[in-house]
Amino acid sequence: MTDKKPDPRRPDETFEPFEETRRIPWPVYSIAIALAIWGVIMLVQTSTAVEVADKTQKEVAKEDSTKLAQAAAPDLDAGKTLFADNCATCHGDAGEGVAGAFPPLHGSDVVKLGGAKAVTHIVMRGIGGKLNVNGDGYEGQMPAFGSVLSDTEISEIASYVATGLNDDAKTISAPEVADIRKVAGDKDPFDGGAGLAGLINDLPAQPNSEAADQGADSERVARLVGQGTDTVWACASCHGDKGEGIETVPRLAGLPAPYLAKQLHDFQRGTRFNDSMAYVAKGLSDREIGELANYYASMSSPSGAKPALQGDLKRGAQLAKQGDWSIGVPACFTCHGPSGVGVAPNFPGIAAQQPSYVAHQLAMWAGGSRHNSPLGLMAGIGKALNDSDRRAVADYLASLAPMPAMDKTELAAMESNIPVREGVDQ
Amino acid sequence: MQITETLGLLLALSFVISLLALTILIWAIANKQVHTPDADDARTIFEPGEGADIDYPDKPHHFDTARSGIDANSSSVVMWLIAAAVFWLIYGSLHGLAASLELHLPDLMSGTAQMTFGRMRTVHLNSVAYGWASQGGLAAVCWIIPRIFRTNLRMTGLLKVGIVLWNIGLAAGVLAIANGWTDGLEWLEIPWQIDIILAAGAACFVAPLIATAKNRNVHHIYVSGWYFLAGVLWFPVLFIVANIPGVHHGVEQATMNWWYAHNVLGLWLTPLGVGTAYYFIPKIIGKPVYSYALSLVGFWALALFYSQVGIHHLIGGPVPTWLVTLSVVHSVMMFVPVIAVAINQHVTVASNLWALKESMPLRFISFGAVMYTLASFQGSIEALRSVNTITHFTHYTVAHAHLGAYAFVSLVLMGAIYQIVPRATGKYWPFPRMIAWHFWLNVIGFAVYFFSLTIGGILQGLAQLDATKPFADSVILLKPYLEGRSLGGGLMTLGHVLLAINLIAIGFAKKTRETETENMVAAE
């Protein structure tokens, strides 16, 4: 530094900085004005209109307010149409029911005693357990419609069932339904007739609650499910004590035993990827896998799923029931059975499955990181669906009734078919 | 306190009011309603009587800070601050480097809780933000404020008490964090019990600087003075409001958290960096800054718009949409002050490029000033929802944070240290070549660091948005970029070690340098 010749432009040490008197250059003005205009427009336009999935917040708010506006007496004609769309598939066009399978709603002691209010509760929460109607026993597998139908729609259906199919004079209004939703909307489905007895006074004798006799087959399975071992985490810690799943953790209750066993073997071998499940599956013996598969296959539990991904339910229903041939996607129900209840042994039930899980798995099929379906069937379907289709179909399936538990004798017959290590994956 | 519609309206109004204020300011400047100092003015401001014969009546913008005794009076406080700042710089850099290594060598230090990533990174942030940048900035403030006010630094004893308190508090805070005792909010990790010591330390800084400003011997306050005084008043308010326990809960707490964290950058570290650059760039070059009117716009637009910027960190979070939109708009409005400062500082450097060759401190400072422009532009763009969708929760944000806090603030302060220390101690730097090495290690190290994380961050964000890819893919693809980050961080740390060596060596060196200003040049 000192050996160099000093630059003649070097200032004195005593120079102190100051500012010159210059005007602001015009580009600064124009930038400031342009940004100010942009800022005002931004504030006005986007302070509320931000997209939540496919809907803007404005649209959601508008839907909510129009629903609330229809607080007047329920429209019974609309109720009839809604009944035909949502209820008649099982309960019959005139609410006559199907002997031994679906209880009647026309001239039903449950409806007569409970009125529109009880119907509202049942539609909102669903039923998961045995019950007696007019003295006959039924399985009781009714989905919860609380998350798929609005307050107005539920009021119309409940009023139609009470006054149109029975002779009750009392209807229920949308605000009353909203009040019921506040206290009962988040509750689990009714535990069969035993659960309904708490809702409806003087209900004739009902079967006992099933929850008690769902014990594990052996002590070892009970320990695996409830407490886990050194190398196996308790199944219930993620999948729930009713096997209902949560978020991206799937519902296991009622899935075919061979399907469950195959998945655990695939996790063991690495043909299906999931770091948590790979670790758990490696700690299981073949015998434990068989027992666990049977345990969950014979488990009956209410749906723990609700549409949660802002999917288009109409589009989801179309994909599930008819498929979309323009993109080469067959109907889900073709393989997974009517209403998605599954076709044992290879096609798992998809009804009442957790929507985040379904959407995530479809994406994984599309991306190729899941590839263990027979004949690569699901890979092609996964690739054909885009993000909003995945959410639509996942939400629709989450709104359906859960598959019934597999019969123990049925399971025993399937035992020999459980694929061990030489699975049919490709 | 609940964020209600009324409160929302009031906050939205803050944008309109800020806009109105900016319009009035620009109108006033354009119509010469604001008193601007010109050459004649300057002569009356620095009246010959004030500084006796150390003022130069024939040279209006000259003043001998050494012979007036001002520099000697503030030098011990300044050197205390610089020594403490450089200690925390080294300490924080080592923790940052360790945290960076842990991201691609996860088992490296996993045996000890104190050395896990979560604590190492947090210690790094607190050390460099409160130990290095704050104290380095205060050193520049304590050096420059008396010079531009032409008066001695007041209450130097109290300032030294403040330095001791601040460092005790910070050491206790860092120790607490390393042992797992924190308040659990980013930038506010130091437990509030320890924050009391820090707040007391901060108070010891405020009073002497206000007293010095009150006793100034000039009428016109140079632009650095506005930034410094504003920063010194803003920071204690931010620090105390954000650290009072039990006031904010839930979503409001997150809102307050990011209001604070971003304002520490914009209303504390930025004024320190910009004010320092505003003083040293013209000082070393010997030419005035471009326009007084622009420095007005730059300062007031920062003051008006910055305070609402932080909430863009919560885009997509469960806070009211209008609150986020307001923050996005304010973030983008930051273009105005940044352009004003850029013109004022860069025009002076660009028309005197020779000085970059002559002066190593100027190289640090003007590089830092350019990085301020870039970091601010990037920050405004990053606050837009469309960009944020990709960059949020990725290493892109980390690169941006270092562009601001490191490439801008830290480099400006390092340049200031290289300029101040010889003048405060009367000694030459023992190893002048090391200064150039330090500069290039920092610039190259930072370039490697920044581009690694920016590219890696974008790829990470795109992978996270792709639902058909498992989350692990977005982590695995980052590995080479994280290794690049460690390499860059290593080079930067090495540069800091060179600064520390030079500083320790100058402590042991004999007085070799004239402090008489006649024999000195600014650009040396």
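Residues numbered from 1 in each chain as written. Chains lettered and ligands numbered in written order. Predicted model: local features only at pLDDT ≥ 70, side-chain atom pairs only at ≥ 80, totals over all residues.

Enquirer: I'm lost on the overall build of chain B in this one. Help?
Expert: What chain B contains, in helices and strands, is 18 helices and 0 strands. Within chain B, buried positions represent 52% of all 524 residues. (Helix = DSSP H or I, 4+ residues; strand = E, 2+ residues; numbered from the N terminus. Buried ≥ 20, exposed ≤ 12 C-beta atoms within 10 Å, placed from the backbone.)

Enquirer: I tried to follow the overall build of chain A on my own but got confused; where do I start?
Expert: When helices and strands are tallied, chain A shows 19 helices and 6 strands. Within the span of chain A, comprising 426 residues, buried residues form 43% of the whole. Taking contacts inside chain A between residues at least 6 apart in sequence as the whole, the part at least 24 apart equals 70%. (Contact = placed C-beta atoms within 7 Å.)

Enquirer: How should the UniProt feature "transmembrane region" (unreviewed entry) in chain A be read in this particular structure?
Expert: On the UniProt side, "transmembrane region" (unreviewed entry) is annotated at positions that read residues 26–44 of chain A here. Across residues 26–44 of chain A one finds 100% helix and 0% strand; the C-alpha atoms that close the span lie 28 Å apart. (UniProt positions renumbered as here; feature names shortened; annotations may be inferred.)

Enquirer: What am I meant to see in the packing of helix α16 (residues 355–367) of chain A against helix α18 (residues 387–398) of chain A here?
Expert: Packed helices, taken two at a time, are described by their axes: the angle between them and the distance between them. All names here are of chain A. Look at α16 against α18: their axes get within 8 Å of each other, and the N-to-C directions meet at 145°. Seen along the crossing, α16 lies across α18 with a hand that is right-handed. Each of Pro355, Val358, Ala359, Leu362 and Ala363 in α16 lies in contact with α18, whose residues at this interface are Arg390, Arg391, Ala394, Asp395, Leu397 and Ala398. (Axes fitted to C-alpha atoms, helices over the stretch in contact; angles between N-to-C directions. Left-handed = near helix turned anticlockwise from the far one by under 90°.)

Enquirer: Teacher, can you tell me more about the UniProt feature "domain: Cytochrome c" (unreviewed entry) in chain A here?
Expert: All names here are of chain A. Under the UniProt annotation, "domain: Cytochrome c" (unreviewed entry) lies at residues 74–165, 223–300 and 311–401. For residues 223–300, the helix share is 54%, the strand share is 0%, and the end-to-end C-alpha distance is 19 Å. For residues 311–401, the end-to-end C-alpha separation is 18 Å, with 52% helix and 0% strand making up the annotated structure.

Enquirer: Is there a simple way to explain the packing of helix α14 (residues 313–321) of chain A against α18 of chain A in this structure?
Expert: Residue and element names in this part refer to chain A. As a packed pair, α14 and α18 sit with axes 7 Å apart at the nearest point and diverge in direction by 85°. When the axis of α14 is compared with that of α18, the two are roughly perpendicular. Two secondary-structure elements touch here, α14 through Leu313, Arg315, Gly316, Ala317, Leu319 and Ala320 and α18 through Asp389, Ala392, Val393, Asp395, Tyr396 and Leu397. Residues that form the contact of α14 with α18 fall into these classes: 8 nonpolar, 1 polar and 3 charged. (Parallel < 35°, antiparallel > 145°, perpendicular 65-115°, else oblique. Nonpolar A, V, L, I, M, F, W, Y, C, P; charged D, E, K, R; others polar.)

Enquirer: Before we go on, may I ask you to explain unusual backbone geometry in this structure?
Expert: In most cases, non-glycine residues show a negative phi, while peptide bonds are predominantly trans. Phi at aspartate 202 of chain A is positive, roughly 60°, even though this residue is not glycine. Within the fold, aspartate 202 of chain A resides in the loop between α8 (192–197) and α9 (219–226). Phi at methionine 155 of chain B takes a positive value of approximately 50°, unusual for a residue other than glycine. Topologically, methionine 155 of chain B is positioned in the loop between α4 (117–149) and α5 (156–178). What makes methionine 155 of chain B partly exposed here is the crowd of 18 C-beta atoms within 10 Å.

Enquirer: Is there a simple way to think about the confidence of the model for chain A in this case?
Expert: Where the model shows low pLDDT, its predicted coordinates should not be examined in detail. Looking at chain A, the pLDDT average stands at 82 and 84% of residues meet or exceed 70. This model gives residues 420–426 of chain A a pLDDT under 50, and the stretch forms 14 contacts once residues within four places in sequence are excluded. (pLDDT = per-residue confidence, 0-100.)

Enquirer: Can you help me understand the environment of cysteine 87 of chain A in this one?
Expert: Position of cysteine 87 of chain A among the secondary structure elements: in the loop between α3 (76–86) and α4 (88–91). Separated by 267 residues in sequence, cysteine 87 of chain A and glutamine 354 of chain A place their C-alpha atoms 22 Å apart.

Enquirer: Is there a simple way to think about α18 of chain A in this case?
Expert: Because each turn of an α-helix spans 3.6 residues, side chains separated by three or four positions in sequence point in the same direction. Residue and element names in this part refer to chain A. Between its terminal C-alpha atoms α18 stretches 17 Å, which fits the 16 Å expected from 12 residues at 1.5 Å a residue. With 10 of 12 residues buried, α18 is to be regarded as a mostly interior element. Considered for burial, the residues of α18 that qualify are Asp389, Arg390, Arg391, Ala392, Val393, Ala394, Asp395, Tyr396, Leu397 and Ala398. Buried-residue contacts for α18 involve α14, α15 (332–336) and α16. (Expected span 1.5 Å × (residues − 1).)

Enquirer: Would you explain helix α13 (residues 286–297) of chain A in this entry?
Expert: Residue and element names in this part refer to chain A. In this model α13 runs 16 Å from its N-terminal to its C-terminal C-alpha over 12 residues, within 8% of the 16 Å that 1.5 Å per residue would give. Along α13, 9 of the 12 residues are buried, which leaves the element largely enclosed by surrounding structure. What α13 keeps buried is the set Ile289, Gly290, Glu291, Leu292, Ala293, Asn294, Tyr295, Tyr296 and Ala297.

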